[in-house]
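# Coordinate inspection notes
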Amino acid sequence: MICHLYPEPTYLIFSSDLPGLLYYSHIPASITALLIGFFIFWNGRRILLNRLLFLITLCFSLWTFANLITWTNIHSDVLLFTWSFFGPLSALIAILSVYFVYVFLNHKDAPLYLKGMFLALLAPVFILAPTTVSLTGFDITYCDAFGFEGPLYELYYNALGFLAIAWILGMLAHAYHCAATRLRAQIVLMGLGIVSFLLLFFGIGYLSSYLTTQGYFADSELEMYGLFGMVIFMAYISVILVRFKTFNVSVIAPQALVISLILLIGAQFTFIQSATNLVLNAIALTLTGIIGIVLIKSVKREIEQRKHIEELAGDLERANKQQIILIHFITHQLKGFVTKSRNIFSMLRDGDYGALPEGMKSMVEEGFRSDTKGVNTIQEILNAANIKSGKVEYKMEPFDLKALVDELARDLKANADSRGLALNVDTGTKPLLYPGDRAQLANAFKNLIDNSIKYTPKGEVRVNLAQEGKTVRFMVEDTGVGITPEDMAHLFTEGGHGKDSAKVNVESTGFGLYIVKNIIEAHGGTVRAESEGAGKGARFVAELPA
Amino acid sequence: MHIRRHILLYTLLPLMMLSGAASFYRFVVANDYIVEYEGECDPATESCFEGCEDDECTEHYPYKHMSKYASDLRAECGPDITECEMASVCLPGDEACSVEYCDPDALGEDEYCFVAEEPSIEESEDGPQAPDGASQEADGDAGEILETSI
């Protein structure tokens, strides 16, 4: 039967005498959704989340296309056949949205019982869609079937929509409560996007259908505003794509944005009346197209550059790892050789092979000293490498920090004396119990004192240990070569030598302060250096939480 | 395992296809639905509703509510009922057919009963006047219009 009061459409969906908003609301929303959905699907066809998003956008686009047909077509049989898809498509959108949010939040497929629930909710929709429970007839005068929608339309489809919204809100709230802080932003963005879409789609759709059936509106023009919910959803999806790479898709937001803009501007041609507006819109469309192409190209270039940098960074990391392995291997081997040589010198020096000739004694002594320094240097490099690779384990046990510092000072006093330096130590009078790794802290404090001794040609080195409130402060102050602001910047970095440090200490590995920093930070503390400049001495302060 | 994982696809897809095919058969092939429309009405013999020819409602026409089974209507009139007299009457072979005439006691919102224009004595003496009287009455209370017409 033909609705004889209305004109026949061309190409199924194009007709005159229609609300101005019709094409503007339908075409951009459905094409934007379909484009983004398809792009995400295409870039990760095996990922369930991508598939579900594509299915939602596909159902929405089919619904929009069917809706456009019902607005423009005049054949009752075609219209009713098309009308019969509204309910099933709405139901699919609702249930797929729940499924989508479940997979998004749990990073896994829904369990069988949940799929069973989805099936139980959807099966009646498809079974009853062709029956009179869904649609009974058609009004040729108004060219619609609003007055003939059965209980499925009046109750079930809308109830399913609102059930989906409540279900999704429940899942989101639970996930937000349990999620780590870094995931909460994603949950909020996704929640806002999908709930806005469903609320607008089902809320306005229900309101429009109800008010039209009740005779408050001549037609269901209001429902067009509900379609903009999908545009909002896609905007949020784009933000999530760009910020969190949720769908494992490289950045496509500019492409989607430009296409959406072109569609939105292009859709305005469907209702523009005046020639001036037509020309202005054509100019805007052309400019948007040109700027869009430039934008997409520049973003593509940036993405390629970023990928290149990421590849280089990966290569560098691999090379670094190989280098660390090599350093480990070499230093271990070297340490073995030097330790062996040192032991031989030690045995010779101690007279294990009889008394040495007088002329040989000084050479053996020099060999022993040199090998001892060599072992210490290699050990320092190994320690730094172990710290960097995270191999160091800290055994935290309470011990007397004062006793440790006193012991270190005693050991190093001979070294200071040999250089003509005064080593003044103030550790208080009472024991200072501290829960930490004694051996590692001994290494750190020894490094700091030793460092000051090495870089102080004359004067004194002062060592101070005290507890102030909830902080234990260990301080080494010297009258040495000082630190320039340039050197200060990379003092605690790996291999961070001072510019002229080699002139004062040729044996420096540059790893000493790096090791100190890592040990102190592993105890939850901080370490810093202070100096008024070259030649003005330096102060190293390590603060540990008591 | 494969079936359990894709249970929704394997059950819903055939259901959707069957549902679509059944809808196509019911609505497009069998025309198994009721059609409502405005049938031609003769105000001289029937109590008709009043319809507007245009948005401003300056011209009126009489009609009655018709309801027919689409399959019967298509067999009697083809797809277009505008020039089909059988569309405005219930025939003996019609499966489900009903006619609703204007009842002043059961008028819906924006529904009026049609008032046939009869030339008054003044009009016949002074010559024809613009049909303002009919449209004004049509804009007034439907009950009053019917009282004067019946």
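## Details of the overall build of chain A
What chain A contains, in helices and strands, is 16 helices and 8 strands. The buried share of chain A, reckoned over its 546 residues, is 36%.

## Observations regarding the overall build of chain B
Scanning chain B for helices and strands turns up 6 helices and 4 strands. Ordered by position in the sequence, the α and β elements of chain B form the string α-α-β-β-β-α-β-α-α-α. Taking all 150 residues of chain B together, 23% fall into the buried category. Expressed as a percentage of contacts within chain B between residues at least 6 apart in sequence, the contacts between residues at least 24 apart total 61%.

## Examining the interface of chain A and chain B
Across the boundary between the two partners, chain A contributes 27 residues, which contact 30 residues of chain B. At the level of elements, helix H3 (76–83), helix H5 (112–128) and strand S1 (137–139) of chain A are the ones that each hand at least two residues to the side of chain A that touches chain B. Here the residues of the side of chain A that touches chain B are counted per class, giving 16 nonpolar, 7 polar and 4 charged. In the sheet, S1 of chain A pairs with strand S1 (residues 34–40) of chain B via 3 bridges, with the strands oriented parallel. Residue pairing in the sheet places Gly-137 of chain A in a bridge with Ile-34 of chain B of S1 of chain B.

## Considering the environment of Glu-46 of chain B
Residues and elements named next belong to chain B. By the element assignment, Glu-46 lies in the loop between S1 and strand S2 (49–52). The exposure class assigned to Glu-46 is partly exposed, which follows from the 17 C-beta atoms found within 10 Å. With 68 residues separating them along the chain, Glu-46 and Phe-114 place their C-alpha atoms 9.8 Å apart. Contacts of Glu-46, omitting those with residues within four sequence positions, involve Cys-41, Lys-64 and Tyr-101.

## Quick look at the environment of Leu-163 of chain A
Residues and elements named next belong to chain A. Residue position: Leu-163 is located in helix H6 (residues 151–178). Taking the number of C-beta atoms within 10 Å as the measure of exposure, Leu-163 has 15 and is therefore partly exposed. For the pair Leu-163 and Ala-94, spaced 69 residues apart in the sequence, the C-alpha separation amounts to 8.3 Å.

## A short note on unusual backbone geometry
In this structure, His-107 of chain A takes a positive phi of about 55° despite not being glycine. Its location among the elements puts His-107 of chain A in the loop between helix H4 (86–106) and H5. One non-glycine residue with positive phi stands out, namely Cys-57 of chain B, at about 60°. Mapped onto the secondary structure, Cys-57 of chain B falls in the loop between S2 and strand S3 (60–69). Take Cys-57 of chain B: there are 13 C-beta atoms within 10 Å of it, and that puts it in the partly exposed class.

## Brief notes about the confidence of the model for chain A
The predicted model of chain A has a mean per-residue pLDDT of 86, with 95% of residues at 70 or higher. Put simply, helix H15 (residues 501–504) of chain A is where chain A has its lowest mean pLDDT, 60, and H4 of chain A is where it has its highest, 94.

## Side note on the pairing of strand S6 (residues 471–478) of chain A
Residue and element names in this part refer to chain A. What you see with S6 is a clean split: Val-472, Phe-474, Val-476 and Asp-478 sit on the buried side and Thr-471, Arg-473, Met-475 and Glu-477 on the side with no burial. Two elements, strand S5 (residues 460–468) and S6, share 8 bridges in a ladder whose sense is antiparallel. Each bridged residue has a counterpart across the sheet, and for Val-463 the counterpart in S6 is Val-476. Between the end of S5 and the start of S6, which pair antiparallel, lie 2 residues, with Gly-469 showing a positive phi angle near 65°. Strand direction decides the pairing type here: S6 and strand S8 (residues 538–545), joined by 8 bridges, are antiparallel. Note that in S8 the partner of Met-475 across the bridge is Val-541.

## Focus: the packing of H4 of chain A against H6 of chain A
A pair of packed helices can be characterised by two numbers: the angle between their axes and the separation between those axes. All names here are of chain A. Taken N-terminus to C-terminus, the directions of H4 and H6 make an angle of 10°; their axes are 9 Å apart at the nearest point. As judged from the angle between their axes, H4 and H6 are roughly parallel. Here Gly-87, Ser-90, Ala-91, Ala-94, Ile-95, Ser-97, Val-98, Val-101, Tyr-102 and Leu-105 of H4 come into contact with H6, specifically with Leu-152, Tyr-153, Tyr-157, Leu-160, Gly-161, Ala-164, Trp-167, Ile-168, Met-171, Leu-172 and Ala-175. Each residue belonging to the contact of H4 with H6 can be placed in one class, and the counts come to 17 nonpolar, 4 polar and no charged.

## Considering H4 of chain A
Residue and element names in this part refer to chain A. Taking 1.5 Å per residue as the helical rise, H4 with its 21 residues ought to reach 30 Å, and the 30 Å between its terminal C-alpha atoms agrees with that figure. In terms of burial, H4 is largely enclosed, as 19 of its 21 residues are buried. Taken from the residues just after H4, His-107 is the one with a positive phi, measuring 55°.

## Here's the deal with the sheet that holds strand S3 (residues 422–426) of chain A
Hydrogen bonds along the backbone pair up the strands of a sheet, which may run parallel or antiparallel. Residue and element names in this part refer to chain A. Judged by pairing direction, the sheet is mixed, and its 5 strands sit side by side in the order S3-S5-S6-S8-S7 without closing on themselves. Edge positions in the sheet fall to S3 and strand S7 (526–530), since each of these pairs with one other strand and no more. The average undirected angle you get between the axes of adjacent strands in this sheet is 10°. When S7 meets S8, the two strands line up antiparallel, connected through 5 bridges. Its bridge partner lying in S8, Thr-526 is registered against Glu-543. Of the strands in this sheet, S5, S6 and S8 touch helix H13 (residues 438–454), which is tilted by about 20° from S6.

## A word on the packing of H6 of chain A against helix H7 (residues 181–213) of chain A
Residue and element names in this part refer to chain A. One can describe the packing of H6 onto H7 by two numbers: an axis separation of 10 Å at closest approach and a directional angle of 165°. Judged on the interaxial angle alone, H7 and H6 are roughly antiparallel. Crossing hand, H6 versus H7: left-handed. Residues Asn-158, Gly-161, Phe-162, Ala-164, Ile-165, Ile-168, Leu-169, Leu-172, Ala-175 and Tyr-176 of H6 pack against Arg-184, Ile-187, Gly-191, Ile-194, Val-195, Leu-198, Leu-199, Phe-202 and Tyr-206 of H7. The residue makeup of the contact of H6 with H7, split by class, is 15 nonpolar, 3 polar and 1 charged.

Reading the values: rules and limits
- Residues numbered from 1 in each chain as written.
- Chains lettered and ligands numbered in written order.
- Predicted model: local features only at pLDDT ≥ 70, side-chain atom pairs only at ≥ 80, totals over all residues.
- Helix = DSSP H or I, 4+ residues; strand = E, 2+ residues; numbered from the N terminus.
- Buried ≥ 20, exposed ≤ 12 C-beta atoms within 10 Å, placed from the backbone.
- Contact = placed C-beta atoms within 7 Å.
- Nonpolar A, V, L, I, M, F, W, Y, C, P; charged D, E, K, R; others polar.
- Pairing = 2+ DSSP bridges.
- pLDDT = per-residue confidence, 0-100.
- Axes fitted to C-alpha atoms, helices over the stretch in contact; angles between N-to-C directions.
- Parallel < 35°, antiparallel > 145°, perpendicular 65-115°, else oblique.
- Expected span 1.5 Å × (residues − 1).
- Left-handed = near helix turned anticlockwise from the far one by under 90°.

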